[in-house]
Amino acid sequence: MRPKFTFILLLLFILNSAVESTARELATSSSPFSIHKLTGSFSGRITDAKTGAPIQGASVLIVDIRSGSSSDVYGNFMIRNIPEGKHLVEISHIGYNTVIENIDIVNDTRRDFILSGSIIENNAVIVTGVTGATQLKKVPFAVSVLGKTDFFHNPSSNIIESLIRIGGVSTLATGPAISKPVIRGLSYNRVLTINDGVRQEGQQWGDEHGIEIDEASVNKIELLKGPASIIYGSDAMAGVVNIITNVPLPMNSLKANISGNYQSNNNLRTLNANIGANLNGFNWNLYSSNKAAADYRNRYDGRVFNSKFRENNLGGYVGYNGKWGFSHLLVSRFNLRAGLIEGERDANGRFIKVLPGGNEVPASGRDFSSTEPMIPYQQIRHFKIASDNNIKLNRNSLKLNLGYQQNQREEFGNADDPAERSLYFDLRTITYTAQFHFAENKGWKNSIGLNGMIQQNKNKGVEQLIPDYRLFDLGIYIYTQKSIGKMTFSGGLRYDNRMINSGDLLDGNQIKGLAFKKNYSNFSGSLGMAAQLTETINLKINMARGFRAPSLSELASHGAHEGTLRYEYGSRGLRSETSLQFDAGLEYNAEHISLGISAFYNRFSHFIFYRKLQSTGGGDSLVTVNGQNLSAFQFDQRKATMAGLEATLDIHPHPLDWLHILNTFSLVDGRFPDAIENDHNMPFIPATKLNTEFRGSFNRLDKWIRNFYISFEINNTFSKKQVFSAYNTETETKGYCLLNGGIGADLTTKKGRTLFSLGFSAINLGDVAYQNHLSRLKYASENLATGRKGVFNMGRNFSLKLNIPISYQWVKY
């Protein structure tokens, strides 16, 4: 291990030890902010609403203190050592409605719960966009929640692709290995990814830079749609993808999982393993995953050369949960090698493989079946270590999170010297967060906080696309929530300041961009209301102001971007983006039908986008780099407006209670008020989508088979004709319809213990050849043999998943 890594690891370990030691000292203090010395327990029994039978394996989670339990074969559960006071408790199980209650735990508190059957979950406890655990129905903005069961049922090649079934969410993909989330038409640095309280910092400004998080480690994803700058600061204008991996096990238990996935189209094989335990509050988890895939295929292109990838990840955490709160130390290492698809073909339509000496030959045979990426390819290594802490101070609480990340992204593009790094970004980031939550008083929940980061990027490759730079970011905020009857009001204010110190941009020993300093500051705010109008109708209204400082690539890029087929020019005079968004949502939930409608209007000042440059002759401006002609793009800025609608309709007809027909519709439109070359359309807005899923779900088929499901999905993506055609920046895309299906179940013992889970899925059953409107591969070179432009998405794919759980309980209650 490198000395710097060793030092950082030691520093965070000392911090965790100091937090725990301080907490223990406060436990004996008489200060008004000392730890509440009284603790209680919470127990009860969970049963089925129809049969009255006990439900085994139901999860009982107290989110704010990261403590929980699960029901035994008799439906009983017990959680001990809980700080006395009000806690938000979540009771959940596959196939049942989640029950959420605020429970005042004093001494030995007991409460029994009755769960009703359900396939579609309409409520949950969330922590995204708020300062503490909150019931989903009580937040004024749109949040969607996905859990491990959703990831198991819906196969994908990476964790971000699993989000596309959420209304208003798309992905910007560069082959199967790299996907970026697009929320309501916005992506890149406008979508913030949080992982266990730590702001994920990689090279998210680029098309071919994905999210460096292991799919197998994820327990839950909360996706917030809309500005969340008040809590998270710059870059959360479009929304937040909050990925939660750290969920401690029930007290005195050990659990392990071995899982695998095979996908037929590109021979993707995945092997994952994790093990964790909780012994009297001391808890830990360790996971590892390995993934490899060959080149994918579709009906038009055949095998798409160099779409292969290999991924290896390792991580875990160790910590302690006590009556004073918890302190956890998290470590992860992500390693991805992915080919860069260029799409160059010969006159016969065969993909070209580059050889040393400037030679080229058609790719064939083992070139497609290998899982080892070829020139050009990228390697991404992401190391992260973080200290996550929550200290109970009487009935108040203090959250502290400190993280360190190193993101190393290398591009290899020289066939004569395969070890040469064309680009090598070495990005190091320290993130910090502190939140103080005041005890609830007469329906008021108030919090103050600060967060930010210190960042440094160094170029270590032959070329530079962006300069070396240093960045310091700090934001302070206040957030409040007030409950009045069945209405909940929430809002707050925030101030941010970001300082950037950029070095010279070099081309060898030549300076092609001078050093500069920038300072950006702004105010953000939000105000909203959630109201339960009746037992079945819920209304949400929210107004929020977002803020984003320009990224270094937008300010100072000047070079060939190998993975995007572009030559990029930055614009140093860019101003901060600001937005004002209005949201409104209405939900109706009855016994046999559920309806949700959400609409938004977003107005931007100084919206940043890139556009093609035009040559003096009227055609595309081209820059020749190493014999390859690249289209030139430059970042620009304009006023803009966006509006959209998302709707869901879930029909579960009586008496077929096992059947659900779920329809999800999403539409977004973006306009420039002042036309650019007579074009008002904003670039790269997702196409309209309508998904219809027929799902049958059975909690128990017989004594051996439980949680059985079967599904059929019709995925309609409409043609995209309203595009930003100025300077030939964007082209229209045809619509398409994909048919998907799935079937699976848990095989159990007579007593209900799961032996293993098995899931089979079919994606794109009709083997439709299509191009996602947001895919950069759509703009690859023309296939001279067919006249088709670009590279098409993956064709028919079959997926088989297997999960084997192992569990042991030291103490039963």
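As the structure is a computational prediction, the values presented were derived from the model and not from experiment. (Residues numbered from 1 in each chain as written. Predicted model: local features only at pLDDT ≥ 70, side-chain atom pairs only at ≥ 80, totals over all residues. Heavy atoms only, no water.)

Peer 1: Would you mind going over the side chain of Arg184 with me for this structure?
Peer 2: Tracing the backbone through its elements, the reader meets Arg184 in the loop between β13 (179–183) and β14 (191–195). One polar contact links Arg184 to Asp583, side chain to side chain, over a distance of 2.7 Å. Aside from chain neighbours lying at most four places away, what touches Arg184 is Ala142, Gly168, Lys225, Gly226, Gln581, Asp583, Ser598, Phe600, Met642, Glu646 and Val668. (Helix = DSSP H or I, 4+ residues; strand = E, 2+ residues; numbered from the N terminus. Polar contact = N/O pair within 3.5 Å; in protein donor to acceptor, adjacent residues only side chain to side chain. Contact = heavy atoms within 4.5 Å.)

Peer 1: I would appreciate a short explanation of the sheet that holds strand β2 (residues 59–62) in the present structure.
Peer 2: The strands that make up a sheet are held in pairs by hydrogen bonds between backbone atoms, and each pair lies either parallel or antiparallel. A sheet is described by the order of its strands in space; here 4 strands give the open sequence β3-β2-β5-β6, paired in antiparallel fashion. In this open sheet, the two strands that pair with only one neighbour each are β3 (67–70) and β6 (99–105). Averaged over all pairs of adjacent strands, the angle between their axes in this sheet comes to 25°, without regard to strand direction. Across 4 bridges, the pairing between β2 and strand β5 (residues 85–92) is antiparallel. Within β5, the residue paired with Ser59 across the bridge is Ser92. (Pairing = 2+ DSSP bridges. Axes fitted to C-alpha atoms, helices over the stretch in contact; angles between N-to-C directions.)

Peer 1: Just to check I follow, could you spell out the packing of aromatic side chains for this structure?
Peer 2: Describing an aromatic ring pair means giving the distance of the ring centres and the angle of the ring planes. One pass over the full model with this rule turns up 18 aromatic pairs. Ring geometry for Phe672 and Phe724: centres 5.9 Å apart, planes at 70°, overall edge-to-face. In this pair, Phe672 is assigned in strand β43 (residues 659–676) and Phe724 in the loop between β46 (705–717) and β47 (736–748), connecting sequence segments 52 residues apart. Of the two residues examined, Phe672 and Phe724, each falls in the buried class. By way of ring pairs, the aromatic residues Phe42, Phe77 and Phe113 are connected into one cluster. Above the plane of the ring of Tyr300 lies Arg788, whose end atom (NZ or CZ) is 3.6 Å from the centre. (Phe/Tyr/Trp six-rings, centres within 6.5 Å; stacked < 30°, edge-to-face > 60°. Buried < 20%, exposed > 50% of the residue type's maximum accessible area, 1.4 Å probe, protein only. Lys NZ or Arg CZ within 6 Å of the ring centre and 35° of its normal.)

Peer 1: Explanation requested: the pattern of salt bridges in the structure shown.
Peer 2: Two side chains with opposite charge may pair up if their charged atoms get near one another. Per the counting criterion, the structure on display carries 32 salt bridges. Two residues, Arg184 and Asp583, come together in a salt bridge whose shortest N-O distance is 2.7 Å. Note that Arg184 is positioned in the loop between β13 and β14 and Asp583 in strand β39 (residues 577–589), a separation of 399 residues in sequence. The same class applies to Arg184 and to Asp583, which are both buried. Across the salt bridge formed by Lys220 and Glu222, the nearest N and O atoms sit 3.1 Å from each other. Accessibility classification places Lys220 together with Glu222 in one group, the buried group. What emerges from the salt-bridge pattern is a single network uniting Arg184, Lys225, Asp583 and Glu646. (Salt bridge = Lys/Arg side-chain N within 4 Å of Asp/Glu carboxyl O.)

Peer 1: Would you mind showing me how to read the side chain of Asn266 here?
Peer 2: Position of Asn266 among the secondary structure elements: in the loop between β18 (253–263) and β19 (268–279). The contact partners of Asn266, leaving out residues within four places of it in the chain, are Pro176, Ala293, Ala294, Asp295, Tyr296, Arg303, Phe309 and Met794.

Peer 1: Help me understand the pairing of strand β35 (residues 516–532) in this model?
Peer 2: Consecutive side chains along a regular strand alternate between the two faces of the sheet. Here strand β32 (residues 487–502) pairs with β35 via 16 bridges, running antiparallel. Across the sheet, Arg494 pairs through a bridge with Ser524, a residue of β35. Bridge analysis of β35 against strand β36 (residues 537–548) gives 8 bridges, and the strand direction is antiparallel. Along β36, the bridge assignment pairs Gly528 with Asn542. Linkage of β35 to β36, two consecutive antiparallel strands, is achieved through a turn of 4 residues.

Peer 1: Would you mind showing me how to read the nonpolar core here?
Peer 2: Where a protein is soluble and globular, its nonpolar side chains tend to be buried together. Membership of the largest hydrophobic core comes to 33 residues, with the highest contact counts inside it found for Leu163, Ile221, Val241, Phe607, Met642 and Phe672. Within the residue set of this core, elements represented by two or more residues are β16 (220–225), β17 (239–244), β40 (593–612), β42 (628–651) and β43. By residue number, the principal contributor to this core is β40, which donates 4 residues. The next biggest cluster of nonpolar side chains, apart from the first, holds 25 residues, and it includes Leu172, Val182, Leu427 and Leu574. (Core = buried A, V, L, I, M, F, W, Y, C linked by side-chain atoms within 4.5 Å.)

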